[in-house]
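Residue strings, one per chain:
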Amino acid sequence: MLVGLDREFSYNKMAIAVRNMLAGASLTATNADLLRPIAGTFEPGAGAILQSIAASAGAAPLVLGKSSLKIAHVALARVGVRGG
């Protein structure tokens, strides 16, 4: 299951995601940002959605988006650079 920013996120969507997680789905996210800046203030980010699902399902997510070392290593390998 892939989690990202969803401005239509609801309790029903969270319940479906949690049921899928409890049935064995893995949890992957685009990013873990709890807040995102918008128009001089902030609003909940994808990480807020991610954390609600992860906490409810007792799961540890794999974050593949920005600030993820895993995605950085994949990118380096694609261009032939060995990372440490």
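Throughout this description, residue numbers start from 1 for each chain and increase along the sequence as written. It should be noted that, the model being predicted, local features are given only for residues of pLDDT at least 70 and side-chain atom pairs only at 80 or more, the latter also being counted only at that level, while totals for whole chains, interfaces and linings use all residues. For side-chain calculations, the full set of non-hydrogen atoms in the structure is used, while hydrogens and water are omitted.

**Things to note about the nonpolar core**
Remark: nonpolar core denotes a set of buried residues (Ala, Val, Leu, Ile, Met, Phe, Trp, Tyr, Cys) joined through side-chain atoms within 4.5 Å. Exposure categories follow from relative accessible area, calculated using a 1.4 Å probe and restricted to protein chains: below 20% of the type maximum is buried, above 50% is exposed, and the middle band is partly exposed. Ranked by size, the top nonpolar core spans 12 residues in total: Val 3, Met 14, Ala 17, Val 18, Met 21, Leu 27, Ala 29, Ile 49, Leu 50, Ile 53, Ala 54 and Ala 57. By definition, any uninterrupted DSSP run of H or I lasting at least four residues is a helix, any uninterrupted run of E lasting at least two residues is a strand, and each is numbered from the N terminus. Where this core is concerned, the elements lending two or more residues are α1 (11-22) and α2 (46-57). Among the elements that line this core, the one with the most residues is α2, at 5 residues. Contacts are assigned to residue pairs that have any heavy atoms within 4.5 Å of one another. Filtering out sequence-adjacent residues up to four positions away, Ile 49 remains in contact with Val 3, Gly 4, Leu 5, Asp 6 and Phe 9.

**Here's the deal with the pairing of strand β4 (residues 41-44)**
At least two bridges found by DSSP between two strands are what make those strands a pair. Sheet analysis places strand β3 (residues 35-38) next to β4, joined by 4 bridges and oriented antiparallel. Within β4, the residue paired with Ile 38 across the bridge is Thr 41. Between the end of β3 and the start of β4, which pair antiparallel, lie 2 residues, with Ala 39 showing a positive phi angle near 50°.

**With respect to unusual backbone geometry**
Phi at Ala 39 is positive, roughly 50°, even though this residue is not glycine. Positionally, Ala 39 belongs in the loop between β3 and β4.

**Quick look at the environment of Ala 59**
One can find Ala 59 in the loop between α2 and β5 (62-63). The class for Ala 59 is partly exposed, based on a relative accessible area of 26%. When the C-alpha positions of Ala 59 and Leu 22 are compared, they lie 9.0 Å apart, and in sequence the two are 37 residues distant. Setting aside residues no more than four positions away along its own chain, Ala 59 makes contact with Met 21, Leu 27 and Ala 54.

**A short note on α2**
The first and last C-alpha atoms of α2 sit 17 Å apart over 12 residues, in line with the 16 Å expected at 1.5 Å per residue. On its buried face, α2 is in contact with β1 (2-3), α1, β2 (28-29) and β5. Once α2 ends, the next one or two residues include Gly 58, with phi positive near 65°. Multiplying one less than the number of residues by 1.5 Å gives the expected span of a helix.

**Things to note about the side chain of Asn 31**
Mapping Asn 31 onto the fold places it in the loop between β2 and β3. A 3.5 Å cut-off defines polar contacts: any pair of N or O atoms within that distance qualifies, except that in protein one atom must be a possible hydrogen donor and the other a possible acceptor, and neighbouring residues in sequence count only when both atoms are side-chain atoms. Of the polar contacts made by the side chain of Asn 31, one reaches the side chain of Thr 30; its length is 3.4 Å. Among the polar contacts made by the side chain of Asn 31, one reaches the main-chain amide nitrogen of Asp 33 at a distance of 3.0 Å.

Coordinates in, geometry out; function isn't part of it.
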